[in-house]
Amino acid sequence: MREVYLKVDSSSLRVILCLVGQAVLRQAHSSVPPQPVPPLLQTLQRYLTALEPLLPPDELQHTRKIVQKFGCPGGLGEKLQRELIKRAKHSHNWISDWWVQWAYLECRQPLAVHSNPAISLPNRDFTDWRGQLVFASKLIAGVLDFKAQVDSGKLALEYMRGQPLCMELFPQLFSSCRIPGPKHDHVVHYGRPRRGPAHITVVRNYQFFQLDVYNSDGTPLTESQIHAQLLRIRSQSWKTDKQPMGILTSEHRHTWGQAYTRLLRDKINKESVRLIEKSIFTLCLDSPVMRISDEKYSSRMAAQILHGGGTFSNSGNRWFDKTLQFVVGEDGSWGLLYEHATAEGPPISTLLDHVLEYCKKPDRVRAPLIPLPMPKKLYFYINSEIKWDLEMAKQNLDILINDLDIKCFNFQHFGKEFVKQLKLSPNSFIQVAIQLAYYRVHSEVCAACDIASLRMFRGGRTDYIRSPTNQMLSFIRAFDDDREAKVQLLREAVDAYSILTEQGIDRHLLGLKLQAIEEGLSLPRIFMDTAYGLATHWKLRTGQVPTNTDSVMCFGPLAPDGYAVCYNPQQDHVHFSVTAFNCCEETNAEKLALTLERSRPPWAPKSQGPPKMLFI
C-alpha cells in the first residue's frame, strides 16, 4: 500500500486546529441541554414569596391579586407563556439574546463603573518599568496559550455538580468588541479561524500600538520576542502628543455613539479604531500612581483597574468597549477589566487561573533569530469636533470617578472552610451577613440580587437570586434575642437562601415582559405595579467570584442609592469590595464595609470549639 504525505505549513495547521477545535466545541455543546421555560405558576409564586420581606401586608395583598389575575387559567400570563415555549423550540436559547440586548446593549449608561467589572490580582514582585515589561510579556504568552487551547478544542469541559457546562463564551472572549450606536450597541467578533486577527493592542501613555503576536509561520511569539517588542513600544510612546483617545469610550453610550460616527469619518481614525476593535485583546501598561497607605492600597488598585484613576492618571490607557483589557502597573499591580455583554465571571476566572499557572513556568522556548517588524503606532486625526468630544469626556469621567466610593478589605477571621464545617453554604452565609450589615446601617432590608450562572444550559448566561427571604428577615430582627435561637434562625436563613439558588425567576419575568412588548400589547399590570418597581430597584448588587488566588472584583452599584458588594471566599479568609456613590447622602461604602467586617464571631474558630454565637 502506497503512503501519501501531505505537507502543511504552520499557518495552515493553525487553521486546521481551529476548525477541529470548533468541531470539538460543537460536540461538547450537544451534551448541554437547552434552557427550559420554567412553569408559570412556580415563577409567580416565588415572585410573591420574594416580595413578602419587602412589602407591608396591605400592599402585598394588592400585588397578590394582580399576580393571580395575570396567572389565572386563560389569562394573559398563560398566553405569553405559550409564546415563550414556542420561542424556546425555535431558538438557540430563548432568553440569552434578549437578556444581552436588554441588560447591556440597550443600556445607555457609561461602561466605565456602571457595567464593566474589574478584577485586581495580588501584586507581582517588581517595582519598576523593567519588571513591568517582563511580566507583561509572560502575561501575553499565557493568554495566547489559553487561546490556543480554546481554538484547538483542548480546553477541558467544565462541570458543576456533575453536570457539563456550556463553553460557548470562551471563543467569544478574543477579538471581540462592543460598538456604540445611537439607540443601542452591538458586539462584533473577528475571531474567525481562517483570517482571524494576529495582533493585540498595547496602550501606554494614552498611545495605542498594534503588536503582532504571531510569526509569519503562524507560531506565537516567544516571551523574549514579546519583551523585545514591548521595549520598542516603550521607546516609541514618548515621542508624540498624549491625547487620551480611549477616554471617549467612557462616555454615555449615546454621546460616544455620536462621537464615534464623527471619529470614523477620517480614514486614519477609522483604520486605528478598527485595529483596536479587531485585536485579540488589549494590554494597558499603566504609569506609576501616587503612593498611599497600605490600608487604602487595595481599594486604590481596584479603582485603577476599574476606571484608570481619572484623566490625570491612567484612564486614557483604556478602551472600555474592548472585551478583554489586561492592566499592568509599574508597581507590581495588575488585573483585568472586561466588557460584560460578551464575558461572564466564571469563564474569566478560568482564563485567569490558566494565566497564573502559566506564569509559574520558566520560559524554555528559544526565540528564533528572525527580525520582527516594528510595532505599528496607531494615529488619530483630532479636529475641533473631536477635541470638544474629548474635553467633555474628560470632565464627565472625572465627575463619575469622584462620585464613586470604593472600599476593599480582607475579612481574616475565617473563610469558606470553617462555614463548610458548620454544614452551611459559604455563599448563602455571606449573603445573610451582607443583608445583616445593610440592616445595621439602614434599619431595613432591601431588594438584593446575587448572580447565578445558567451555564448548565446551552447558551445560558445568568439569572438573579433574590434576597432577603422571610427566614433572613427573622434572623435579622431576632439579632439581639437568645443566642441559641439566633443560631437556629441563622441556619434556617442560610438553608432558605441555598434553596433559592436552584432556580431564579427574573429572566422568566423579563421574558414574559419582553414577549408582551414584542407582540405590541400593553404592558401587563404585573410589571406596572409599584411592587415590581420596588423589587427590581436593586439597592444591593452582589456577586461571588471565586478564584484560586487572592483576587478581588469590583463594579459599580446598579442604583444611585445602592451598593455593589463583591466577594471572593478563600479557605481561611474572604476578600470583599464595596462600592457606593458619594452623591447619595444615605449610602456610604466605608461604613457598610466596616459594618460587614465587624459582623464576625468573637472567637478563634481554629482553636476553640463550636460557636455559640455567630455574629457580634
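Source: prediction; values computed, not measured. (Residues numbered from 1 in each chain as written. Predicted model: local features only at pLDDT ≥ 70, side-chain atom pairs only at ≥ 80, totals over all residues. Heavy atoms only, no water.)

### Some words on the environment of Phe418
Counting through the fold element by element, Phe418 comes out in helix α14 (residues 416-421). With a relative accessible area of 10%, Phe418 lands in the buried category. (Helix = DSSP H or I, 4+ residues; strand = E, 2+ residues; numbered from the N terminus. Buried < 20%, exposed > 50% of the residue type's maximum accessible area, 1.4 Å probe, protein only.)

### Brief notes about the sheet that holds strand β8 (residues 282-285)
By definition, the strands of a sheet pair up through backbone hydrogen bonds, in either a parallel or an antiparallel sense. Read across the open sheet, the eight strands follow the order β11-β7-β6-β8-β9-β10-β1-β16; overall the sheet is mixed. Each edge of the open sheet is held by one strand with a lone partner, namely β11 (376-377) and β16 (552-554). The pairing of strand β9 (residues 324-328) with strand β10 (residues 334-338) spans five bridges and is antiparallel. The partner of Leu324 across the bridge, within β10, is Tyr338. (Pairing = 2+ DSSP bridges.)

### What to know about the pattern of salt bridges
A complete count under the given rule lists 24 salt bridges for this structure. Of the charged contacts, one joins Glu223 and Lys138 as a salt bridge, the two residues approaching to 3.2 Å between their closest N and O atoms. Highlighted residues: Glu223 in helix α8 (residues 223-236) and Lys138 in helix α6 (residues 129-152), separated in sequence by 85 residues. Per residue, the accessibility class of Glu223 equals that of Lys138, and both read buried. A salt bridge links Asp506 to Arg466; the nearest nitrogen and oxygen atoms lie 2.9 Å apart. In this pair, Asp506 sits in helix α18 (residues 506-518) while Arg466 sits in strand β14 (residues 462-467), placing the two residues 40 residues apart along the sequence. Classification of Asp506 by relative accessible area gives buried; the value is 8%. A single salt-bridge network, built from bridges that share partners, covers Arg108, Arg178, Asp185, Arg253, Asp321 and Glu339. (Salt bridge = Lys/Arg side-chain N within 4 Å of Asp/Glu carboxyl O.)

### A word on the side chain of Ser175
Take Ser175: it is sitting in the loop between α7 (169-172) and β4 (176-179). Discounting residues that sit within four places of it in the chain, Ser175 has contacts with Val188, His189, Tyr190, Gly191, Pro197, Glu277, Lys278, Ser279, Ile280 and Lys322. (Contact = heavy atoms within 4.5 Å.)

### A closer look at the packing of helix α5 (residues 96-105) against α18
Look at α5 against α18: their axes get within 11 Å of each other, and the N-to-C directions meet at 85°. By the angle between their axes, α5 is roughly perpendicular relative to α18. Along the contact surface, α5 presents Trp98, Trp99 and Trp102, while α18 presents Arg507, Leu510, Gly511, Leu514, Gln515 and Glu518. Partitioning the contact of α5 with α18 into residue classes produces five nonpolar, two polar and two charged. (Axes fitted to C-alpha atoms, helices over the stretch in contact; angles between N-to-C directions. Parallel < 35°, antiparallel > 145°, perpendicular 65-115°, else oblique. Nonpolar A, V, L, I, M, F, W, Y, C, P; charged D, E, K, R; others polar.)

### A few points about empty space enclosed by the protein
Summed over the entire model, instances satisfying the criterion amount to four cavities of 30 Å³ or more. Within this model, the largest cavity holds a volume of roughly 110 Å³. Broken down by secondary-structure element, the contributors of at least two residues to the lining of the largest cavity are β12 (404-411), α15 (426-442), β18 (574-581) and α21 (589-598). By residue number, the principal contributor to the lining of the largest cavity is α15, which donates three residues. Considered class by class, the residues forming the lining of the largest cavity number ten nonpolar, one polar and one charged. Looking at the second largest cavity, its volume works out to about 80 Å³. Lining the second largest cavity are 14 residues, and of these Asp286, Met301, Gln304, Gly329 and Ser333 lie nearest its centre. (1 Å grid on protein atoms, 1.4 Å probe; cavity = no way out; pocket = protein on both sides within 12 Å on 5 of 7 lines; lining within 4 Å. Points joined across faces, edges and corners; volume = space filled by probe spheres on them.)

### Observations regarding the confidence of the model for the protein chain
This prediction gives the protein chain a mean pLDDT of 90; 91% of its residues lie at or above 70. In this model residues 1-11 is a low-confidence stretch, pLDDT under 50, and it forms six contacts with partners more than four residues away in sequence or in other chains. Every residue in residues 606-616 is under pLDDT 50, and counting partners more than four places away or in other chains gives 35 contacts. (pLDDT = per-residue confidence, 0-100.)

### What about the pairing of β18?
Within β18, eight of the eight residues are buried, which leaves it mostly tucked inside the rest of the structure. Of the two faces of β18, the one lined by Val574, Phe576, Val578 and Ala580 and the one lined by His575, Ser577, Thr579 and Phe581 are each fully buried. Where β12 lies against β18, eight bridges are found, and the strand directions are antiparallel. Counted as the bridge partner of Asp405 is Ala580 from β18. Pairing analysis gives seven bridges linking strand β17 (residues 563-569) to β18, with the strands arranged antiparallel. Counted as the bridge partner of Tyr563 is Ala580 from β18. Two successive antiparallel strands, β17 and β18, enclose a turn made up of four residues.

### A short note on the domain arrangement of the protein chain
You can read the domains of the protein chain as domain 1 (31-91 + 412-604) and domain 2 (112-155 + 164-378). Here the C-alpha centroids of domain 1 and domain 2 sit 33 Å apart. Contacts between the two partners involve 23 residues from domain 1, matched on the other side by 29 residues from domain 2. Counting the surface lost from both domain 1 and domain 2, the interface buries some 2100 Å², and carbon and sulfur atoms represent 57% of this. For the domain 1 face of the interface with domain 2, the top three residues by lost area are Arg455, Arg461 and Cys554, together amounting to 34%. On the surface where domain 1 and domain 2 come into contact, there are two salt bridges. The partner of Arg458 in a salt bridge is Glu168, with the nearest N and O atoms 2.9 Å apart. (Domains from an automatic or database assignment. Buried area = accessible area lost by both parts, 1.4 Å probe.)

### Remarks on the sheet that holds β17
Pairing in this open sheet of six strands is mixed, and the strands run β12-β18-β17-β15-β13-β14 from one edge to the other. For this open sheet the edge positions go to β12 and β14, each flanked by a neighbour on one side alone. On average, each strand axis in the sheet is inclined to that of its neighbour by 20°, with strand direction left out of account. Contacts from α21 reach β12, β17 and β18 within the one sheet, and its direction differs from that of β12 by about 15°.

### Structural notes on the UniProt feature "active site" (unreviewed entry) in the protein chain
Under the UniProt annotation, the feature "active site" (unreviewed entry) is placed at His340. On the secondary structure map, His340 appears in the loop between β10 and α12 (345-359). Dropping the residues within four chain positions of it, His340 is found in contact with Tyr104, Ser115, Asn116, Pro117, Arg461 and Arg541. (UniProt positions renumbered as here; feature names shortened; annotations may be inferred.)

### As for helix α9 (residues 253-263)
Within α9, the full set of buried residues consists of Arg253, Trp256, Gly257, Ala259, Tyr260 and Leu263. Where α9 is buried, its residues contact β4, α10 (267-278) and α13 (384-403).

### Re unusual backbone geometry
Here the bond from Ser467 into Pro468 is cis, since omega is 10°, no more than 30 degrees from zero. The phi dihedral of Val113 falls on the positive side, at around 75°, and the residue is not glycine. Looking at the element boundaries, Val113 is found in the loop between α5 and β1 (118-121). Residue Val113 is classed as buried on the basis of its relative accessible area of 0%. Phi is positive for Arg161, close to 50°, though the residue is something other than glycine. The residue Arg161 is located in the loop between β2 (159-160) and β3 (163-164) in this model.

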